[in-house]
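# Coordinates in review
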Amino acid sequence: MALVKKNEVHTIDITGMTHEGQGVGRIDNFTVFVDGPIEGEKVEIKIIKVNKSYAVGKLLKVLEPSGDRTEPFCPSYKRCGGCSLQHMNYEAGLKFKTNLVRENIRRIGGLEDVVVHDAIGMEQPLNYRNKAQYPVGRYKDEVRAGFYAKKSHEIIDCLTCGIQNSVSDRVRAIVREFIMENGVTTYDEIKGEGLVRHIMTRVGFKSGEVMVVLVINGRSIPGQEKLADKLVGDIPQIKSIVLNVNRKKTNVILGDENIVVYGRDTITDYIGEFKFNISPLSFFQVNPIQTEVLYRKALEYAQLTGEETVFDLYCGIGTISLFLSKKAKMVYGVEVVEAAVNDAKENARVNGVENAEFIVGEAEEVIPQMYSRGVRADVVVVDPPRKGCDEAVLKTLVDMEPRRIVYVSCNPATLARDLKYLAEGGFEVREVQPVDMFPWTAHVETVVLMCASSKAGKC
Ligand code: SAH
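Cut-offs applied
- Residues numbered from 1 in each chain as written.
- Predicted model: local features only at pLDDT ≥ 70, side-chain atom pairs only at ≥ 80, totals over all residues.
- Heavy atoms only, no water.
- Axes fitted to C-alpha atoms, helices over the stretch in contact; angles between N-to-C directions.
- Helix = DSSP H or I, 4+ residues; strand = E, 2+ residues; numbered from the N terminus.
- Parallel < 35°, antiparallel > 145°, perpendicular 65-115°, else oblique.
- Left-handed = near helix turned anticlockwise from the far one by under 90°.
- Contact = heavy atoms within 4.5 Å.
- Pairing = 2+ DSSP bridges.
- Near = heavy atom within 4 Å.
- Areas by Shrake-Rupley, 256 points an atom, 1.4 Å probe, with all protein chains shown as cover.
- Nonpolar A, V, L, I, M, F, W, Y, C, P; charged D, E, K, R; others polar.
- Domains from an automatic or database assignment.
- 1 Å grid on protein atoms, 1.4 Å probe; cavity = no way out; pocket = protein on both sides within 12 Å on 5 of 7 lines; lining within 4 Å.
- Points joined across faces, edges and corners; volume = space filled by probe spheres on them.
- UniProt positions renumbered as here; feature names shortened; annotations may be inferred.
- Salt bridge = Lys/Arg side-chain N within 4 Å of Asp/Glu carboxyl O.
- Buried < 20%, exposed > 50% of the residue type's maximum accessible area, 1.4 Å probe, protein only.

The name that an unreviewed UniProt entry assigns to the protein is 23S rRNA (Uracil(1939)-C(5))-methyltransferase RlmD, with the source organism given as Acetivibrio mesophilus.

What follows is the structure in structure tokens.
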């Protein structure tokens, strides 16, 4: 039985952090989670929820602040669901991410002696996102376009967002004003009625090109030509304005159909030397600067000489495959989304890459089949979604024994689980490098080099 009761006020020491950046403390050995404190702080909290095995507290006062504590730069930080580490300085956030990876690898992976390098941060960890998605809604007489509040679908009307590109802020403001002045309806999630659902922007960091996507529950916006003129007049970098039709009652932001109202149906951008055409629906990494850092690390770990056959599993639109192709004999990319594979093929063609082949299918189906047909890889790169690799993929890798595996992960917990499996199957973890792709949020990306123990001399 919990001795802790709702509405009680307690003073506690924060002795740890969750993977989401919440502080963790104890009251008589009973765990309490609190939004806002930093490890090492003494805080006063009020209990707002008690469960069987833990309680949730609200931060009332920081009694002994950590040296890492800092004033959040965003006025909406407390309410907005976007960032969760703005109350500590950037270095402390990086340390938090490095520790998260270390702890997972030790605890879940059972790997004690692995070297985990310090997370690679950004020199300028602001305005790093190339894609913004602002939900739009009406609150009495006010139109809001911004971000969802923490754990809710209430829209906060952020005037500027420190992690977005400033062009996105301007697009948001122009569209919002147009909606208000012209009485355009906005989508009501509960009723499933109203027109404008989301404003999405995509910005090519190297090309400077901008795409504006207006997601609507319909096929046109009254006065859309006037809106297009206003947008392009104010922001000449806009090369494409698209209406995306989404008439479904769903949380999924984009629908399938796009109607171009101005300019082209894609914009162009570059990662490293490679050019990519980006359409409203295509996946593209949201932090292009750190993506390059991450891919260069993956390429370094792959140690290619030009003789290797390489698998790039979970390849998306083939970005990593293209990076690898210049230094490999042959690259096979595997990806389950057919549209992404079509983009990957097109990206290879646009960049004159002829030694990359892309296969549609689930990695856990495709890889065992390729293995049984006798196809072997010298180096395998995997970059799975948050749930990590399917066991059938890991088992095939253990059987195939590529010389090196480069594991790119967006979830330290499933990464650690998969490393354990591969370590037990005869691979040695050589290096672990976290990379900060999403400053001020608790997300961390990691790239790991593993070598087949039996081929250690050649790794
Ligand atoms: N490597 C890419 C994309 C990584 S995101 C890049 O860096 O841009 C993970 C990708 O895995 C997504 O494109 C997703 O569609 C794909 N995916 C998810 N489950 C899969 C499966 N079972 N088999 C193959 N691909 C899968």
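Now that the structure has been shown, we can carry on.
Another point: the packing of helix H2 (residues 166-181) against helix H3 (residues 224-234). When two helices pack together, their arrangement is given by the angle between the helix axes and the distance between those axes. Between H2 and H3, the least distance of the axes is 11 Å, while the angle of their chain directions is 150°. By the criterion of interaxial angle, the relationship of H2 to H3 is roughly antiparallel. As H2 packs across H3, the resulting crossing turns out to be right-handed. Facing H2, whose interface residues are Arg 170, Val 171, Ile 174, Val 175 and Phe 178, H3 presents Lys 226, Leu 227, Lys 230, Leu 231 and Asp 234.

The next point concerns the sheet that holds strand S19 (residues 379-382). Taken together, 7 strands build an open sheet; the order of strands is S18-S17-S16-S19-S20-S22-S21 and the sheet is mixed. Looking along the sheet, the strands with just one partner apiece sit at the ends: strand S18 (356-360) and strand S21 (427-435). Strand after strand, the sheet turns through a mean of 15° between neighbouring axes, direction not considered. As judged from the 4 bridges shared by S19 and strand S20 (residues 404-409), these two strands associate in the parallel manner. By the bridge assignment, Val 382 is partnered in S20 with Tyr 407.

Surrounding the ligand, one finds 17 residues, the nearest of these being Tyr 295, Glu 335, Ala 363, Glu 364 and Asp 383. Notes on the ligand: free accessible area 580 Å², of which the protein chains cover 85%. Of all the elements in the fold, those that place two or more residues in the shell around the ligand are helix H5 (319-325) and helix H7 (363-372). Looking at side-chain class alone, the shell around the ligand contains 9 nonpolar, 4 polar and 4 charged residues.

Now for the domain arrangement of the protein. Taken domain by domain, the protein consists of domain 1 (9-64), domain 2 (93-123 + 287-458) and domain 3 (131-278). The centre of domain 1, based on its C-alpha atoms, is set 36 Å off from the matching centre of domain 2.

The backbone of Lys 140 sits at a positive phi, close to 55°, despite the residue not being glycine. Residue placement: Lys 140 occurs in the loop between strand S6 (131-139) and strand S7 (142-145). The residue Glu 401 is not glycine, and still its phi comes out positive at about 50°. Take Glu 401: it is sitting in the loop between helix H8 (391-400) and S20.

Moving on, we come to the layout of surface pockets. What the second largest pocket holds in volume is close to 150 Å³. As for the second largest pocket, its lining consists of Thr 18, His 19, Glu 20, Gln 22, Phe 33, Tyr 54, Val 56 and Lys 151. For the lining of the second largest pocket, the residue count by class is 3 nonpolar, 3 polar and 2 charged.

To continue, consider the UniProt feature "binding site: S-adenosyl-L-methionine" (unreviewed entry) in the protein. Mapped onto this structure's residue numbering, the UniProt feature "binding site: S-adenosyl-L-methionine" (unreviewed entry) falls at Gln 285, Tyr 314, Glu 335 and Asp 383. With respect to the secondary-structure elements, Tyr 314 resides in the loop between strand S16 (309-313) and H5. The contacts of Tyr 314, once residues within four sequence positions are left out, are Val 334, Glu 335, Ala 363, Glu 364, Val 382, Asp 383, Pro 384, Pro 385, Gly 388, Cys 389, Asp 390 and Val 393. Structurally, Asp 383 is set in the loop between S19 and H8. With residues up to four places along the chain from it excluded, the contact list for Asp 383 reads Leu 313, Tyr 314, Ile 320, Val 408 and Glu 445.

Before going further, it helps to spend a moment on the pattern of salt bridges. A complete count under the given rule lists 21 salt bridges for this structure. Between Arg 79 and Glu 154 there is a salt bridge, and its shortest N-O distance comes to 3.4 Å. Of this pair, Arg 79 sits in the loop between strand S5 (54-64) and helix H1 (90-107) while Glu 154 sits in the loop between strand S8 (147-148) and strand S9 (155-156), and the two are 75 residues apart along the sequence. Residue class for Arg 79 comes out partly exposed when judged on its relative accessible area of 44%.

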